[in-house]
Amino acid sequence: MSSIGAILTHPDDIYPMLKLKMAVRVAGKQIPPEPHWAFCYTMLHKVSRSFSLVIQQLGTELRNAICIFYLVLRALDTVGDDTSIPTDVKVPILIAFHHHIYDRDWHFACGTKNYKVLMDQFHHVSTAFLELEKGQNNTLEQIYHLAHPDDHDIRQFCTSTLAVV
């Protein structure tokens, strides 16, 4: 069935579709001009289209903090999920990740496609993170620190994951 046919058979969906289209257009105009923020919002859209639209409906201060929170978690997952990284390299990175977000020069080559770009240019995420209010930085760092298991759990997870693959 064509798009027109689908619309005609579901006319109640026209208004919500137009509203969504307008929300996408407005969200695109909210991307800040600074290169690091532009990178963060562009990457947010590339690694999570649906969640990106939800985030961009928030007020500026909360929107920026949630954007960085999400991208850092995506970066953590990218490192954790990359089976080509040896365990003895991966574990220290995961354990210290809550410190890497403070280092504007830190990046780590891993992942594929958009996730590789995120990791290769992680300095943009760090720069944006450092521009957040101090209270937001501290809260996010504590969450990242608490979100990862301890050294033993990470090693066990990496070993069992590699054994399955």
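Since this is a predicted model, take the numbers as computed values, not measurements.

Q: Any details on the overall build of the chain? Residues and values, ideally.
A: Across its full length, the chain carries eleven helices and zero strands. Counting the 165 residues in the chain, one finds 38% classified as buried. Long-range pairs, those at least 24 residues apart, make up 64% of the contacts in the chain with a sequence separation of at least 6. As displayed, the chain has an accessible area near 9700 Å², and 61% of this comes from carbon and sulfur atoms.

Q: An account of the packing of aromatic side chains is requested, with residue identities and associated values reported.
A: Following the criterion strictly, the structure yields six aromatic pairs and no others. Between the aromatic rings of Phe 97 and Trp 106, the centroid separation amounts to 5.3 Å while the plane-to-plane angle is 80 degrees, which identifies the pairing as edge-to-face. Accessibility expressed as a relative area gives 11% for Trp 106, which makes it buried. Between Phe 97 and Phe 122, the aromatic rings sit 5.6 Å apart at their centres with planes inclined by 75 degrees, giving edge-to-face as the arrangement. Pair noted here: Phe 97 is in helix H7 (residues 97–100) and Phe 122 is in helix H9 (residues 122–131), with a separation of 25 residues, a long-range link. Look at Phe 97 and you get buried, because its relative accessible area is 1%. Classification of Phe 122 by relative accessible area gives buried; the value is 0%. Among the aromatic side chains, those forming a connected cluster through ring pairs are Phe 97, Trp 106 and Phe 122.

Q: Could you give an account of the pattern of salt bridges, naming the residues involved and the relevant values?
A: Counted by the stated rule, this structure contains two salt bridges. Here Asp 77 ties to Arg 74 by a salt bridge, and the two come within 3.5 Å at their closest N and O atoms. Taken together, the residues Asp 77 and Arg 74, both in helix H5 (residues 60–81) and three residues apart, mark about one turn of the helix. Accessibility expressed as a relative area gives 34% for Asp 77, which makes it partly exposed. With a closest N to O distance of 3.0 Å, Asp 120 and Lys 116 form a salt bridge.

Q: Tell me about the nonpolar core, and name the residues and values.
A: Counting residues in each nonpolar core, the largest one holds 34 residues, and the members touching the most others are Ile 68, Leu 71, Val 79, Phe 97 and Val 125. Among the secondary structure elements, those contributing two or more residues to this core are helix H3 (35–47), H5, helix H6 (87–95), helix H8 (113–120), H9 and helix H10 (134–147). Examining the composition of this core, we find that nine residues originate from one element, H5, more than from any other. Leave out the neighbours within four places in its chain, and Val 125 touches Phe 39, Cys 40, Ile 68, Leu 71, Val 72 and Leu 118.

Q: Describe the packing of H3 against H5, and please don't skip the residues or the numbers.
A: Relative orientation of the contacting elements H3 and H5 amounts to 60 degrees, with a least axis distance of 10 Å. Considered as vectors, H3 and H5 are oriented oblique to each other. Between H3 and H5 the crossing geometry is left-handed. Between H3 and H5, the contacting residues are Trp 37, Cys 40, Tyr 41, Met 43, Leu 44 and Val 47 on the first element and Arg 63, Asn 64, Cys 67, Ile 68, Tyr 70, Leu 71 and Arg 74 on the second. Looking at side-chain class alone, the contact of H3 with H5 contains ten nonpolar, one polar and two charged residues.

Q: Pulling in residues and values, what's your account of the confidence of the model for the chain?
A: Reading fine detail from the predicted coordinates is not recommended where pLDDT is low. On average, residues of the chain score 82 in pLDDT, and 78% of them are at 70 or above. Taken element by element, the chain is modelled with least confidence in helix H11 (residues 151–164), mean pLDDT 50, and with most confidence in H8, mean pLDDT 97. Here residues 161–165 is a poorly scored stretch, pLDDT under 50, and it has four contacts once near neighbours within four places are set aside; other chains count.

Analysis parameters
Residues numbered from 1 in each chain as written. Predicted model: local features only at pLDDT ≥ 70, side-chain atom pairs only at ≥ 80, totals over all residues. Heavy atoms only, no water. Helix = DSSP H or I, 4+ residues; strand = E, 2+ residues; numbered from the N terminus. Buried < 20%, exposed > 50% of the residue type's maximum accessible area, 1.4 Å probe, protein only. Contact = heavy atoms within 4.5 Å. Areas by Shrake-Rupley, 256 points an atom, 1.4 Å probe, with all protein chains shown as cover. Phe/Tyr/Trp six-rings, centres within 6.5 Å; stacked < 30°, edge-to-face > 60°. Salt bridge = Lys/Arg side-chain N within 4 Å of Asp/Glu carboxyl O. Core = buried A, V, L, I, M, F, W, Y, C linked by side-chain atoms within 4.5 Å. Axes fitted to C-alpha atoms, helices over the stretch in contact; angles between N-to-C directions. Parallel < 35°, antiparallel > 145°, perpendicular 65-115°, else oblique. Left-handed = near helix turned anticlockwise from the far one by under 90°. Nonpolar A, V, L, I, M, F, W, Y, C, P; charged D, E, K, R; others polar. pLDDT = per-residue confidence, 0-100.

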